[in-house]
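Close look at the chain arrangement
This is what each chain is made of:
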Amino acid sequence: MACAAAMLGAVGIEAAANAKDSALSTSGLPIPRYVSLKSDHVNVRAGPTKDNDVAWIYTKAGLPVEITAEFENWRRIRDSEGAEGWVYHSLLSGRRTAVVTMKAKDDLAPLYDSADIQSAVAARLQAGVLAQVKHCATGWCHIAGDGFDGWIQQQRLWGVYADEKIN
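These notes cover the structure that comes with them. (Residues numbered from 1 in each chain as written. Predicted model: local features only at pLDDT ≥ 70, side-chain atom pairs only at ≥ 80, totals over all residues. Heavy atoms only, no water.)

1. Some thoughts on unusual backbone geometry
To keep things clear, this is the line we draw: Counting from the N terminus, the helices are DSSP H or I runs at least four residues long and the strands are E runs at least two residues long. Each residue is placed in one exposure class: buried if its accessible area under a 1.4 Å probe, protein chains only, is under 20% of its type's maximum, exposed if it is over 50%, and partly exposed if it falls in between.
Cis geometry marks the peptide bond from I31 to P32; its omega dihedral reads 0 degrees. Here P32 shows up in the loop between α1 (2–21) and β1 (33–37). Backbone geometry at T138 places phi at a positive 45 degrees, although glycine is not the residue there. Note that T138 resides in the loop between β11 (130–137) and β12 (140–145). By relative accessible area, which is 70% here, T138 ends up exposed. Positive phi values are uncommon outside glycine, yet D163 reaches one of about 65 degrees.

Shown next, in the form of structure tokens:
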């Protein structure tokens, strides 16, 4: 039985890897793509079935993750720290979120009143701050979160592709 489960897991991983190479996946959506966690309890498994062990559990809804492959109703995800695993599709949301990234953890990212480096600084955000992505264009994203709302340079976010447009 364990051998059959391992075999199914290997088949699933191979099929999912092949899905990654195609422009569209079984869901009809592009791979890779960013989504967020829907729940504050998300089991991440070693493979794309419930027979696979839970590798770890996310405990914060809204965290951005990148879907890197699909197999049936399972999604292989990667988080901002590079950890990868499989999650059941219903635990993911199309709502876009991002985390602030900085070269040095102690640096602060300026959040501006408008999409212009000359505009007033509305806040300074630490690396790891979670934000809802409202809009992105021409290298800037309008984000909001607990106690802040403003514009940040797109390169400062993990959860949004370089030059990606979000309406």
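From this point, the discussion proceeds with the structure in view.
2. Observations regarding the pattern of salt bridges
Two side chains of opposite charge can pair, provided their charged atoms sit close to one another. The line we're drawing: Counted as salt bridges are all cases of a side-chain nitrogen of Lys or Arg within 4 Å of a carboxyl oxygen of Asp or Glu.
Taken as a whole and judged by the stated rule, the model has seven salt bridges. Residue E70 is joined to R33 by a salt bridge in which the shortest nitrogen-to-oxygen separation is 2.7 Å. A residue pair is termed long-range when its members are at least 10 positions apart, and E70 in strand β4 (residues 64–71) and R33 in strand β1 qualify at 37 residues. Taken individually, E70 and R33 each receive the classification buried, so the pair is uniform in this respect. We note a salt bridge from D149 to K134, for which the minimum N-O separation is 3.2 Å. In this pair, D149 is assigned in strand β13 (residues 148–153) and K134 in strand β11, connecting sequence segments 15 residues apart. You can call D149 partly exposed: its relative accessible area is 41%.

3. Quick notes on the state of the cysteines
Quick reminder of the rule: Disulfides are defined as pairs of cysteine sulfur atoms found within 2.5 Å of each other.
What the rule picks out here adds up to one disulfide. One disulfide in the model links C136 with C141; its S-S distance is 2.0 Å. The S-S bond linking C136 to C141 shows a torsion near 110 degrees; that makes this disulfide right-handed. Both residues of the pair, C136 and C141, count as buried.

4. What to know about the packing of aromatic side chains
Heads up, the condition is: What counts as a ring pair is set by centres within 6.5 Å for rings of Phe, Tyr and Trp (its six-membered ring), and what kind of pair is set by the plane angle: stacked under 30 degrees, edge-to-face over 60, tilted for all other angles. Working rule: Lys NZ or Arg CZ, within 6 Å of ring centre, within 35 degrees of ring normal, means a charge sits over the ring.
Under the criterion given, the structure shown has five aromatic pairs. Pairing W56 with Y58 gives two aromatic rings, centres 6.0 Å apart and planes at 80 degrees, and the pair type is edge-to-face. Residue W56 is classed as partly exposed on the basis of its relative accessible area of 26%. Pairing Y112 with W140 gives two aromatic rings, centres 5.5 Å apart and planes at 80 degrees, and the pair type is edge-to-face. Highlighted residues: Y112 in strand β9 (residues 108–112) and W140 in strand β12, separated in sequence by 28 residues. Aromatic rings pair up to connect Y34, W158 and Y161 into one cluster. Over the aromatic face of Y88 sits the side chain of K50, whose NZ or CZ is 6.0 Å from the ring centroid.

Any functional reading would require information that these geometric values do not contain.
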